[in-house]
Amino acid sequence: MKIKEGVYWVGVKDPKLRIFDVIMQAEAGTTYNSYLILGNEKVALVDTVKASFRDEFFKKIEEIIPIEKIDYIILNHLEPDHSGALPYILEKTKARVVISKNAQVILKELLHRDINPMLVGDGNSISLGDKTLEFIQAPFLHWPDTMFTYLVEDSILFPCDFLGCHYCDENSIFNDETLDFSFSFKHYFFTIMRPFKEYSLQAIKKIENKKIEIVAPSHGPILRNDPWKYINLYREWSTPKKKDYKKAVIFYASPYGGTAAMAQNIAKGLMDNGIVTEIFDLSGTGIDETIIDIIEESDALIVGSSTINGDAIKPVWILLASLATISLRNKIGFAFGTYAWSGEAAKMIENRMKDLKMKVPEPFLRAQMVPTEEDLQKSYEVGKRLAEVIKSSS
Ligand code: FEO
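Rules used in this analysis
Residues numbered from 1 in each chain as written. Predicted model: local features only at pLDDT ≥ 70, side-chain atom pairs only at ≥ 80, totals over all residues. Heavy atoms only, no water. Pairing = 2+ DSSP bridges. Helix = DSSP H or I, 4+ residues; strand = E, 2+ residues; numbered from the N terminus. Axes fitted to C-alpha atoms, helices over the stretch in contact; angles between N-to-C directions. Polar contact = N/O pair within 3.5 Å; in protein donor to acceptor, adjacent residues only side chain to side chain. Contact = heavy atoms within 4.5 Å. Core = buried A, V, L, I, M, F, W, Y, C linked by side-chain atoms within 4.5 Å. Buried < 20%, exposed > 50% of the residue type's maximum accessible area, 1.4 Å probe, protein only. Salt bridge = Lys/Arg side-chain N within 4 Å of Asp/Glu carboxyl O. Domains from an automatic or database assignment. Buried area = accessible area lost by both parts, 1.4 Å probe. Nonpolar A, V, L, I, M, F, W, Y, C, P; charged D, E, K, R; others polar. Phe/Tyr/Trp six-rings, centres within 6.5 Å; stacked < 30°, edge-to-face > 60°. Expected span 1.5 Å × (residues − 1).

(A) Representation of the sheet that holds strand β8 (residues 43-46). If you trace the seven strands from one edge of the open sheet to the other, you get β1-β2-β7-β8-β9-β10-β11, paired in mixed fashion. The sheet is open, and its two edges are formed by β1 (2-4) and β11 (118-120), each paired on a single side. Across this sheet, the average inter-strand angle for adjacent strands is 25°, counted without regard to direction. Across four bridges, the pairing between strand β7 (residues 35-38) and β8 is antiparallel. Each bridged residue has a counterpart across the sheet, and for Tyr35 the counterpart in β8 is Val46.

Written as structure tokens, this is what we have:
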């Protein structure tokens, strides 16, 4: 499929996919986009496809050029949905593999051998004769290895996952020839790119002065109609929301009300000291996008659980297992809860928060059986102290 003179889409479609990477909803399937660029001297392939689609992929390339004629295989990102076919294509060509500096170790582990790749970053380019490929370091979008490739003469940006989406139209690969895919586009950003908003803004800054007529991502439609609309959506979604207050959110699981009472007193300590505080009983709260939004906008995440049979209660673990799509760096964590005899839950929650690299300034707080007035006062006092930490946090 020709995109521009000498530039071809040679990707594959996976319209029946409904779950990507085990966890991500893909209600409209996906595509694994790969691009063949024919210069008048050299040939480059940008990204490959998932290994299981390699035969279809190779056939598409061979319809345009023999695979052994490829001089460069540029991998903007080494996740297997884009690098899976690499070991197989390397059996057919002596092409030089081009990757970002951050991808070197990952490539070695992918192939289990060192193939002496060309390492590129900002300011590096490759000439294909009448076409030039420039490289833009764009790490953590969404792996450390990610980079963009820019085809200067045709004003095409190849940003791999960035600006992509899981969406497959079996009849077209172009955004101006398909139905509305805005849900998929937004869902992809908020599932994959959301923890990396700072990196997203840094990358946009690097491309904002470039002439970009087409964005050719590695999943979903090629954005040839109004590509800047999509870049600007990423800019909008990545820009921190201005708020003139500090906020904490408390979740608790409390079969007999003791942990709930502690939660209310922690909340009071926070509120009395200037922290906007929201509180959720996990027995009536599902973890959906709205809840994730609230956690993301909060400066502190406070979680309480009673202990049942030496463990925290299941909804607490569901909550703590649902945070992968937001950045927890700089977020303050605190754990608490009641118990009858052993009381492991609060410590387990605290450990999980530390493992997630949250800041945990106060040790967990527990109360045995029914919290006493002293326990509730301690809860209030810890809320007060947390308020001071939250107010001084960046
Ligand atoms: Fe589409 Fe991060 O791979």
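Text resumes after the structure shown.
(B) Main features of the side chain of Thr338. Within the element layout of this structure, Thr338 appears in strand β20 (residues 332-339). In terms of polar contacts, Thr338 uses its side chain to reach the side chain of Thr259, at 2.9 Å.

(C) Representation of the sheet that holds strand β12 (residues 125-127) in the model. The five strands lie next to each other as β12-β13-β14-β15-β16, forming an open sheet whose pairing is mixed. Each edge of the sheet is formed by a strand with only one pairing partner; in this case those strands are β12 and β16 (214-217). Here the average twist between neighbouring strands, direction ignored, is 20°. Here three bridges tie β12 to strand β13 (residues 132-137), and the two strands are oriented antiparallel to one another. Along β13, the bridge assignment pairs Ser125 with Glu134. Helix α6 (residues 197-207) contacts β13, β14 (147-151) and β15 (156-160) of the sheet and is inclined by roughly 150° relative to β13.

(D) Inspection of the nonpolar core at higher detail. Phe57, Ile61, Ile70, Ile73, Ile89 and Tyr234 are the most contacted members of the largest nonpolar core, which totals 61 residues. Broken down by element, the residue count for this core peaks at six residues, all from helix α5 (residues 182-193).

(E) Molecular detail of the pattern of salt bridges. Following the criterion strictly, the structure yields 23 salt bridges and no others. Taking the shortest distance from any N to any O, the salt bridge between Glu388 and Lys391 comes out at 3.3 Å. Taken together, the residues span about one helical turn, with Glu388 and Lys391 both in helix α12 (residues 373-392) at a distance of three residues. Given a relative accessible area of 39%, Lys391 falls into the partly exposed group.

(F) Looking closely at the domain arrangement of the protein. On domain assignment, one finds that the protein holds domain 1 (2-238) and domain 2 (247-389). Computed over C-alpha atoms, the centres of domain 1 and domain 2 are 41 Å apart. Taken together, the contacts link six residues of domain 1 with nine residues of domain 2. In this assembly, domain 1 packs against domain 2 so that about 590 Å² is buried in total across both faces, 34% of it on carbon and sulfur atoms. Counting every contact that joins domain 1 to domain 2 gives four salt bridges. Here domain 1 and domain 2 share three residue pairs in polar contact (both at pLDDT 80 or more) between them. When contributions to the side of domain 1 that touches domain 2 are tallied by element, the ones reaching two or more residues are α5 and α6. Class assignment for the residues of the side of domain 1 that touches domain 2 results in two nonpolar, one polar and three charged.

(G) Up close: the packing of aromatic side chains. Summed over all chains, the structure comprises 18 aromatic pairs. Geometrically, the ring pair formed by Tyr32 and Phe53 is tilted, given 5.4 Å between the ring centres and 45° between the ring planes. Of this pair, Tyr32 sits in strand β6 (residues 30-32) while Phe53 sits in the loop between β8 and α1 (54-62), placing them 21 residues apart in sequence. Pair check on accessibility: Tyr32 and Phe53 agree, each one buried. Aromatic side chains Phe189 and Tyr234 sit 4.8 Å apart centroid to centroid with 65° between the ring planes, which places their arrangement in the edge-to-face category. Of this pair, Phe189 sits in helix α5 while Tyr234 sits in helix α7 (residues 227-238), and the two are 45 residues apart along the sequence. Of the two residues, Phe189 and Tyr234, neither departs from the other in class, the shared state being buried. Each residue in the set Phe148, Phe162, Tyr167, Phe181, Phe185, Phe189, Phe190, Tyr230, Tyr234 and Trp237 is aromatic and connected to the rest through ring pairs, giving one cluster.

(H) The arrangement of the environment of Gln264 in detail. With respect to the element layout, Gln264 can be found in helix α8 (residues 258-271). Residues Gln264 and Ile250, 14 residues apart in the sequence, show an inter-C-alpha distance of 9.0 Å.

(I) View of α5. With 12 residues, α5 extends 16 Å between its outermost C-alpha atoms, agreeing within 8% with the 16 Å of an ideal straight helix rising 1.5 Å per residue. Of all the positions in α5, only Ser184, Phe185, His187, Tyr188, Phe189, Phe190, Ile192 and Met193 are classed as buried. If you follow the buried residues of α5, they end up packed against β5 (24-25), α6 and α7.

(J) Representation of the pairing of β15. The buried fraction of β15 amounts to five of the five residues, a majority that puts the element mostly inside the structure. The two faces of β15 match: Ile156, Phe158 and Cys160 on one face and Leu157 and Pro159 on the other face are all buried. As defined by bridge partners, β14 adjoins β15 across three bridges and the pair is classed as antiparallel. Bridge pairing in β15 places Thr149 opposite Phe158. Two successive antiparallel strands, β14 and β15, enclose a turn made up of four residues, where Ser155 displays a positive phi of approximately 55°.

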